[in-house]
Amino acid sequence: MVVVGLAFWALLFGLSFRVLKYFQSVEVIGDLLAHHLLGMILMVFFSLLIFSHIITALSNLYLSSDLELCHASPAPIEQVFLSRAIYTVMDSSWMVIVFGLPVMMAYALVFKPGFGFYFSLLHMGLGVTLIAGAFGILLTMVLVRLFPAQRTRDVIMLLGVCGLGGLYMMFRLLRPERLVDPDAFFSIAQYMAALQGPDSPYLPTHWMTETLWAHLSRSSGKEILFHSGLLWSTAGALTAINVWVAEAIYFSGFSKSQEAKRRRAGKRLLDFFVAMIKRPFKPELGAIIDKDLRAFFRDNTQWSQLLLLGALVVVYVYNFSVLPLDKSPIRIEFLQNEIAFFNVGLAGFVLSAVSVRFIFPAVSSEGAAFWIIRSSPVPLKRFLWTKFALYLLPMLVLGEMLILLTNHLLEVTPFMMALSSATMFLSVFGIVALGVGMGAMYPNFNHQNIAQVATGFGGLMFMILSAAFVALIVVLEAGPVYLLVMAELRGVAVAGWQWVLIVLSFSAVLFIMAAAVYKPMTMGLKALSEHE
Amino acid sequence: MIKLIHLTKTYKELRAVDDLNLEVKEGSLFGFLGPNGAGKTTTIKMMAGVLKPTSGRIIINGMDLAEEPEKVKQCIGFIPDRPYLYEKLTGMEFMKFIAGLYGMDHASSLQTRIRDLLEMFDLTHWRDELIESYSHGMKQRLVMCSALLPQPKVLIVDEPMVGLDPRGARLVKDLFMEQSRKKTTLFMSTHSLEVAAEVCQEIAIIQAGKIIARGTSEDLRKASGVDGSLESVFLKLTEGKRIAHATPLSAS
């Protein structure tokens, strides 16, 4: 994990450095772009900090199991609140700060500012973090006053996922790539309007951006003191307000979060949906499917991820609709078919990413209640294949949707349409089996949050193997596809030796697909049978 | 009805159950006592098919658990010490889920049986609430309902009284005695000597993975030479071995 973290850190630094170097080389608007980028980055970090503080504050101030001890101690309530609030600020801000550092280092390396930049970065960074923390904690206290803490978590997660999905789609549909191509705009005024970010002089990020930019551009820093004063007075005022509000409502909110709430389950629509899905299965398999579907759709942190998935599909397909194929020097029919072929690989990687979140944790999702399956007369083999069957259909639909929609936009030949959808159809079996099988090989029945299961060693191994599986299929099919497409485009027959190569390659593909289904499932079954 | 033959379970450095041999007759209410870490829960989990023995055999209803696990599990009801359940199901849905796992059809007789069991355990008003809002005792009662649903021939129970209020505990004791009268075999581990003395027809005491005594309460009194409560008998029999838990392999 440390290696992955360091690699991501280095990538972020390298990318920021290259972008800023490029901006510097663009006359007139280069500095403008760098200035706006700084504002946008700080705004993103500020939003992330607020969101992160809300989630962490819920856990540290209301849901953590050691809180009962803290509140039973003779410490005054404001001391308990302050100690947990400070812990929350540290807990939720370190990661944003660590990953903000490479971007700021890239700015410093490109613009070579004086000592004042580093000093301002340090103290204003701390000030902005405190403001985000105070705001996030304040919002959490108010929300818990309105809803029970458990329900608040669901509401926040749902809003967070919707917000993230919406932001992702909005960002992509705005086509940010046009900003580095001013020729695409009719006038400079239109271009400048497109550059306007969500900035306001009342935002702490604006005060920080202007201060840092004054140092970076070596312009007169007349407003540095004013902006610093604004930032720290706001941070101080918000902290004081937090303590006052905490004295008034924190304990009553905590007390409310301890009360068990009767939760009546929403039924009618779910009953109908579950009955439809499980109809073709035997009672014991239907029972497992019934239970899994109900658990999934009643967990707001689970089903809401489907919204993100929807946004992903929309953006994925949209990307193909704006591909500038007409600008390419390569013959368009060849390019269309080549992209369609490699799209099988790309869609396979997308399915792997979806699988690591939804299918890999399928076995672990049984949690501590797995004893019920173990002590029941349902054999583990049937249990595993039921999980496989449950996830196969939605994954087939998703895979084929990605392939058929993009192929339709690319206007590929019928041969390529048939080949890519058949390859995707069969690959889905392998990806789903890898997900279920490896999930059984690396189960985590003691998780607190099912989303954590995917981030462990097993999840990483699954991602690597699933990506390798998809890549191998693409590599093995590339040769025969090239021969067949070229023969079709040129209007010539395929030679005898070429047919041998084609048959051998496709046979190898079928063998690998069968092995990708059989092997992980048998290994998963063995590991699960021996799990203690 | 239940036969444990040379049953052994080792965890890396630890022998939790050590060459255990035991036979329980049909319809008997068998108490399994022992200090903390003696191997009670490990033995029970192996009998329920949740843990795999290192060696030895478990014969239930004339069938070997290792050879015919599905058939054996079909006639077992298991009640673990901690009631971990599927929190996002309602009580009623959980009962139907169990019925599905045991291949029971969804006829009206099943609905009636589920309703009767929920009524018996005072859960009728909570049957459409998510299990996540149940208290510990309610979850424990729901597990008991689900274990009784397939009408098992053998009930394997680990610490049944934990988390139950006095009324719930009384209900469970009466229920176990009634089940025994109906020829259901009960194998129950407990810390509560009072419960064991009240309901069990036969008792075995396990220490460091081995059975150190077995018989009726009277037999145990004779064996220990103590003419007092079962608590005194238990303390006498496990005397000097109070800190001896399961045997480390290096010591054997």
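Nothing here was measured: the structure is a model prediction, and the numbers come from that model.

Residue and element names in this part refer to chain B. Among the five residues in strand S7 (residues 154–158), five count as buried, and that is most of the element. When strand S6 (residues 76–79) meets S7, the two strands line up parallel, connected through four bridges. Paired with Ile76 across the bridge in S7 is Val154. Sheet topology places S7 next to strand S8 (residues 185–189); five bridges connect them, and they run parallel. In the sheet register, Val157 faces S8, and the bridge partner there is Met188. Each parallel crossover has a hand, and for S7 linked through helix H6 (residues 166–181) to S8 it is right-handed.

Take the domain arrangement of chain A next. Residues and elements named next belong to chain A. Segmenting chain A into domains produces domain 1 (2–258), domain 2 (264–291) and domain 3 (299–530). Relative to domain 3, the C-alpha centre of domain 2 lies at a distance of 26 Å. Taken together, the contacts link four residues of domain 2 with five residues of domain 3. A class-by-class count of the residues in the side of domain 2 that touches domain 3 yields three nonpolar, no polar and one charged.

This next bit is on helix H8 (residues 204–216) of chain A. Residue and element names in this part refer to chain A. Here H8 spans 18 Å end to end across 13 residues, near enough to the 18 Å set by a 1.5 Å rise per residue. Next to the buried residues of H8 lie helix H2 (30–63), helix H4 (77–111), helix H5 (115–146) and helix H9 (224–258). Following H8 by one or two positions, Arg218 has its phi on the positive side, about 55°.

This next bit is on the interface of chain B and chain A. Counting from both sides, the interface comprises 28 residues of chain B and, opposite them, 27 residues of chain A. Secondary structure elements with two or more residues in the side of chain B that touches chain A: helix H2 (69–74) and helix H3 (91–101) of chain B. It is H3(B) that contributes the most residues to the side of chain B that touches chain A, four residues altogether.

This part is about the packing of helix H17 (residues 414–441) of chain A against helix H19 (residues 496–530) of chain A. All names here are of chain A. Orientation of H17 relative to H19, taken along the N-to-C sense of each, is 15°, at an axis distance of 7 Å. Our classification of the angle between H17 and H19 gives roughly parallel. You can see that H17 and H19 cross each other, and the crossing is left-handed. When H17 is examined against H19, the residues Leu426, Ser427, Phe429, Gly430, Ala433, Leu434, Val436, Gly437, Met438, Ala440 and Met441 are found in contact with a partner set consisting of Met513, Ala516, Val517, Pro520, Met521, Met523, Gly524, Leu525, Ala527 and Leu528. In terms of residue class, the contact of H17 with H19 is built from 17 nonpolar, four polar and no charged.

The subject of this paragraph is unusual backbone geometry. One non-glycine residue, A:Lys112, adopts positive backbone phi at about 45°. As for its position among the elements, A:Lys112 is in the loop between H4 and H5. One non-glycine residue, B:Asp19, lies in the positive phi region at around 50°. You can see B:Asp19 is positioned in strand S2 (residues 14–24).

Here we take up the packing of helix H10 (residues 268–278) of chain A against helix H11 (residues 283–298) of chain A. All names here are of chain A. With their axes 9 Å apart at the nearest point, H10 and H11 run at an angle of 145° to one another. Judged by the twist between their axes, the crossing of H10 over H11 is right-handed. Residues Leu270, Val274, Ile277 and Lys278 of H10 form the contact with H11, whose own contacting residues are Gly286, Ile289, Asp290, Leu293, Arg294 and Phe297.

About the thresholds
- Residues numbered from 1 in each chain as written.
- Chains lettered and ligands numbered in written order.
- Predicted model: local features only at pLDDT ≥ 70, side-chain atom pairs only at ≥ 80, totals over all residues.
- Buried ≥ 20, exposed ≤ 12 C-beta atoms within 10 Å, placed from the backbone.
- Helix = DSSP H or I, 4+ residues; strand = E, 2+ residues; numbered from the N terminus.
- Pairing = 2+ DSSP bridges.
- Right-handed = clockwise from strand over helix to strand, strands pointing away.
- Domains from an automatic or database assignment.
- Contact = placed C-beta atoms within 7 Å.
- Nonpolar A, V, L, I, M, F, W, Y, C, P; charged D, E, K, R; others polar.
- Expected span 1.5 Å × (residues − 1).
- Axes fitted to C-alpha atoms, helices over the stretch in contact; angles between N-to-C directions.
- Parallel < 35°, antiparallel > 145°, perpendicular 65-115°, else oblique.
- Left-handed = near helix turned anticlockwise from the far one by under 90°.

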